[in-house]
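Chain residues, written in single-letter form:
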Amino acid sequence: MEILFATGNATKAKRFSKGLKERGIEVITLKDIGKELDIDENGNTAIENALIKARAYSDIVDMPVMAMDDTLYLENVPDEFQPGMYVRRVNGVRLNDEEMIKHYINLVKKFGDNGKLTCRWVYGMAVIKDGIEHTYTWSKEDFYMVDTPSDKVNPGYPLNSISINKKLNKYFTDMTDYDKTLVEEDETNVVEFIANSVKSNQK
């Protein structure tokens, strides 16, 4: 059985592939089908945006489709300053990597405690099979944003320079591949949700 993951992000596309393959489901990517739609992701939540993407691709392929989105939540920060889905866009302006680092450091200084601000990513997943929509949401473990950046920058992922893993007390930019295995989160529940949705007998 196959499922299309509606993402152009190669890293994201691999995220659930192993777990789903163990359950007899092969993940197909947009690259595999040679199609990528220009979708207006205008939802208000991660779930809404995931559904928008899943519906768009479900209309053009004859297989189950899954899509996901994420939002960033900053603890003790007023709603008007929450990035939500617009992590890189502030007041309608798309920030480059350097501008992002500066913007979030300012938020840490304004709302953080002792140079730290507790944050977490919240995810939304949508699966459509035979016209039936299934949704699931979950969050990653909290981490800190700090007001002193690392010396290293991951191009395209600027927040890694000011984000610290709580368990290892290391900047994301300083974490080795081995470090990442130590703090890798169990997403079995997400894999089970996708598998159960795909194998659902509902029509």
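Quick caveat: nothing in here was measured; it's all calculated off a predicted structure.

What follows deals with helix α4 (residues 46-58). In an α-helix, one turn spans 3.6 residues, which is why side chains three or four residues apart end up on the same side. The end-to-end C-alpha distance of α4 is 18 Å, a good match for the 18 Å that 13 residues give at a rise of 1.5 Å each. All buried positions along α4 are accounted for by A46, N49, A50, L51, K53, A54, A56 and Y57. In the core, the buried residues of α4 are packed alongside β1 (2-5), α3 (30-33), β3 (65-74), β6 (116-129) and β7 (132-139).

With that settled, consider the environment of E75. With respect to the helices and strands, the residue E75 is situated in the loop between β3 and β4 (89-90). With 45 residues separating them in the primary sequence, E75 and R120 have C-alpha atoms 8.2 Å apart. The residues contacting E75, other than those within four sequence positions of it, are L117 and T118.

Glancing now at the nonpolar core. L72, L74, Y104, L117, M145 and L159 are the most contacted members of the largest nonpolar core, which totals 19 residues. At seven residues, helix α5 (residues 97-111) tops the list of elements feeding residues into this core. Excluding anything up to four places from it in sequence, L159 contacts L72, V87, M100, Y104 and M145. Core analysis: the second largest hydrophobic core is formed by 18 residues, V27, V191, F193 and A195 among them.

Let us look at the packing of aromatic side chains. By the definition in use, this model includes seven aromatic pairs. Residues Y123 and W138 carry aromatic rings whose centres are separated by 5.2 Å and whose planes lie at 15° to one another, so their mutual orientation is stacked. Of this pair, Y123 sits in strand β6 while W138 sits in strand β7, and the two are 15 residues apart along the sequence. Among the residues examined, W138 registers a relative accessible area of 13% and is labelled buried. Here the aromatic rings of Y136 and F193 are separated by 5.2 Å at their centres, their planes lie at 20°, and the arrangement is stacked. Highlighted residues: Y136 in strand β7 and F193 in helix α7 (residues 188-198), separated in sequence by 57 residues. Residue Y136 is classed as partly exposed on the basis of its relative accessible area, which comes to 25%. For F193, a relative accessible area of 12% puts it in the buried group.

Thresholds applied
- One numbering rule holds for all chains: residues counted from 1, following each sequence as written.
- Local features in a predicted model are, by the rule used here, given only for residues with pLDDT of at least 70; side-chain atom pairs are given and counted only at 80 or more, and totals for whole chains, interfaces and linings are based on all residues.
- In computing side-chain properties, one takes all heavy atoms of the structure into account and sets aside hydrogens as well as water.
- Each helix is a run of DSSP H or I of at least 4 residues and each strand a run of E of at least 2, with the numbering of both proceeding from the N terminus.
- Expected span, for any helix, means 1.5 Å times one less than how many residues it has.
- Summary of the burial criterion: residues with accessible area below 20% of their type's maximum are buried, those above 50% are exposed, and those between are partly exposed, where the area comes from a 1.4 Å probe applied to protein chains only.
- A contact between two residues is defined here by any heavy atoms of the two lying within 4.5 Å.
- By nonpolar core we mean a set of buried residues, namely Ala, Val, Leu, Ile, Met, Phe, Trp, Tyr and Cys, connected to one another through side-chain atoms within 4.5 Å.
- Pairing of aromatic rings covers Phe, Tyr and the six-membered ring of Trp, with a centre-to-centre limit of 6.5 Å; geometry is then stacked below 30 degrees between planes, edge-to-face above 60, and tilted otherwise.

Interpretation in functional terms is not warranted from these geometric data alone.
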